[in-house]
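Below are the chains, spelled out letter by letter.
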Amino acid sequence: MRFPSPLTVVSTLAVVSTVSSLATAAALLHSLLHNYLPHELYHYLRSKLSQFTTSLSNELTTIVIDEYDHENLAYNRLFQAAELYLHPDIAQHPKRFKAVLRPKEKNISVVIHRNDEIIHRFIRVDFKWRLIEQAIPPTYVKTPGTSDEHHVKSSVRRFEVRFNKKHRDMALSRYFPFLMENAEEIQEERMTLKLFTLSNERVLKRFGNAWQSVALDHPASFETLAMDNEFRNMILDDLDMFRAGKELYKRVGKPWKRGYLLYGPPGCGKSSLIAAMASYLIFDVYDLQLSDVQQDNELRSLLMSIGNRSILVVEDIDCTVELHNRRASRVPPWLADKPPVTLSGFLNFIDGLWSSCGEARVIVFTTNHIDKLDPAILRPGRMDVHISLSYCNPSVFRELASNYLEMKEHPLFVEVDKLLEKAKITPAEVGEHFLQNEDPEVAIRSLVELLEKMGRNHCENEVIKEDVTTYSFKTCNGFET
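Residues numbered from 1 in each chain as written. Predicted model: local features only at pLDDT ≥ 70, side-chain atom pairs only at ≥ 80, totals over all residues. Heavy atoms only, no water.

**Details of the packing of helix 5 (residues 229-243) against helix 7 (residues 270-281)**
And then number 1: Viewed as axis vectors pointing N to C, helix 5 and helix 7 meet at an angle of 45°, and their least axial separation amounts to 11 Å. Relative to helix 7, the element helix 5 is oriented oblique. When the axes of helix 5 and helix 7 are compared, the crossing they make is right-handed. Of the residues in helix 7, those in contact with Ile 235, Leu 236, Leu 239, Asp 240 and Arg 243 of helix 5 are Leu 273, Met 277, Tyr 280 and Leu 281.
And then number 2: A breakdown of the residues in the contact of helix 5 with helix 7 according to their chemical character gives seven nonpolar, no polar and two charged. (Axes fitted to C-alpha atoms, helices over the stretch in contact; angles between N-to-C directions. Helix = DSSP H or I, 4+ residues; strand = E, 2+ residues; numbered from the N terminus. Parallel < 35°, antiparallel > 145°, perpendicular 65-115°, else oblique. Left-handed = near helix turned anticlockwise from the far one by under 90°. Contact = heavy atoms within 4.5 Å. Nonpolar A, V, L, I, M, F, W, Y, C, P; charged D, E, K, R; others polar.)

Structure follows, in structure tokens:
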């Protein structure tokens, strides 16, 4: 048997002695007041003290802010804002906080410690915040159609904020909006862009967020993208117009969103362009695989849980749940008796009533085969801007040579320009070729050889189907280059 140390015993005895002394003093004070004060005065003071303590409890109200909106399967944005904003600098009497460096993030987050209380004063009103974390039995769920089990949650969290009930209206109309606004500013200052994907935890409505995230560390930017300057500037102007257009969209009665369709062969830079857009706008990216969504109801819940100032990406939309075919009926066996995601349901979330649930949203579709898409997806108002990304042209080649080889000019550049008129090569293929050759001179000469070979094959097959030297940028107002 292990016995406590003498120091522990002494400390325990000291605590017990202190508590005992306080209890004895309280009993003695009560006895003195009862014995020496007039009977009427004693009962009057005791009555007033009881009324005072009762009034204090009656005047306070408590608002509970759960981490998740379990009914809608969405992360509670107010909880997220409170967790971000409640840092040591704003607390009246900070005791302790928790420092967290989340996986794949660069910045340390300082957050309130569980079950601790801090006081935040706003317009001379004290708001007492407490973070509650409760353990729950670990839960495991199966992924539909498989035998795999995934651990979901072992605890749930919530904030409890207490304040005088007479300030309830002020708290709802001014304090919480103030919290949200300042939390967004803090988020932008320390912004680590995130890439969100669907979480296995979403299959249980009670636990877990529908989305899980990692830091988006993609290095692509508009400065490093290999594209024509004129084409780059058109995209940037359109993004600037959208970002500054909140009042314009409101005035004309349209949801503050913008749809982009990126199409072209694999390797032409669609994913890099999306990453550059996210970096430029400082928007998180939500990668939605429609094949993982079971029904229209689930799709609605997922889209409602997407944060503002975000980019929703549906890649290879021509290959997802056959949206190009209105009568597609192939569904997994375990969903045979449930309605799958439909084209009409999908389009309603793009530009119907549900599209107004949020603001500053960018929707990006990518496809390698635009001809396979249903025309209903392509019409203005759904996909506002159509961007065709094609094969490498002389201007793009020079950008790639500058980025990869730090080479601005070379006598063979003229020869490359001529070869690119016949050889269909993507920017990704050129970039990969440059990576395999450390010597710039060797890299450019071997590229000429590769293009000559591709050009010969091109002539032999006599396949000339598309212009390999142009980009296309089309907006809903008919402007096209």
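**Points about the environment of Glu 223**
And then number 1: Along the chain, the position of Glu 223 falls in the loop between strand 12 (211-215) and helix 5.
And then number 2: For the pair Glu 223 and Asn 403, spaced 180 residues apart in the sequence, the C-alpha separation amounts to 9.9 Å.

**A short note on a nonpolar patch on the surface**
And then number 1: There is a patch of nonpolar side chains on the surface, built from Leu 101, Ile 108 and Val 110 and spanning about 270 Å² of accessible area.
And then number 2: Inspection of the secondary structure assignment puts Ile 108 in the loop between strand 4 (97-100) and strand 5 (109-112). (Patch = residues over 30% accessible without salt bridge, like charges linked within 9 Å, V, L, I, M, F, W, Y side chains within 5 Å. Areas by Shrake-Rupley, 256 points an atom, 1.4 Å probe, with all protein chains shown as cover. Salt bridge = Lys/Arg side-chain N within 4 Å of Asp/Glu carboxyl O.)

**Thoughts on the confidence of the model for the protein**
And then number 1: Looking at the protein, the pLDDT average stands at 75 and 67% of residues meet or exceed 70.
And then number 2: Contacts from residues 6-10, a stretch scored under 50 in pLDDT, to residues over four places away or in other chains number one contact.
And then number 3: Counting contacts from residues 476-481, a segment whose pLDDT is below 50, to residues more than four positions away or on other chains yields 13 contacts. (pLDDT = per-residue confidence, 0-100.)

**Points about the pairing of strand 16 (residues 361-367)**
And then number 1: The buried fraction of strand 16 amounts to seven of the seven residues, a majority that puts the element mostly inside the structure.
And then number 2: Taking every second residue as pointing to the same face, both faces of strand 16 are buried, with Arg 361, Ile 363, Phe 365 and Thr 367 on one and Val 362, Val 364 and Thr 366 on the other.
And then number 3: Bridging between strand 15 (residues 310-314) and strand 16 involves five bridges; their strand directions are parallel. The partner of Val 314 across the bridge, within strand 16, is Phe 365. (Buried < 20%, exposed > 50% of the residue type's maximum accessible area, 1.4 Å probe, protein only. Pairing = 2+ DSSP bridges.)

**Considerations on the sheet that holds strand 10 (residues 155-164)**
And then number 1: If you trace the four strands from one edge of the open sheet to the other, you get 1-10-7-6, paired in antiparallel fashion. In this open sheet, the two edge strands, each paired with only one partner strand, are strand 1 (60-66) and strand 6 (117-122). If you compare each strand with its neighbour and ignore which way they point, the axes differ by 25° on average.
And then number 2: Strand direction decides the pairing type here: strand 6 and strand 7 (residues 125-135), joined by six bridges, are antiparallel. Within strand 7, the residue paired with Phe 122 across the bridge is Val 125.
And then number 3: Contacts from helix 3 (residues 77-85) reach strand 1, strand 6, strand 7 and strand 10, with the element oriented near 75° to strand 10.

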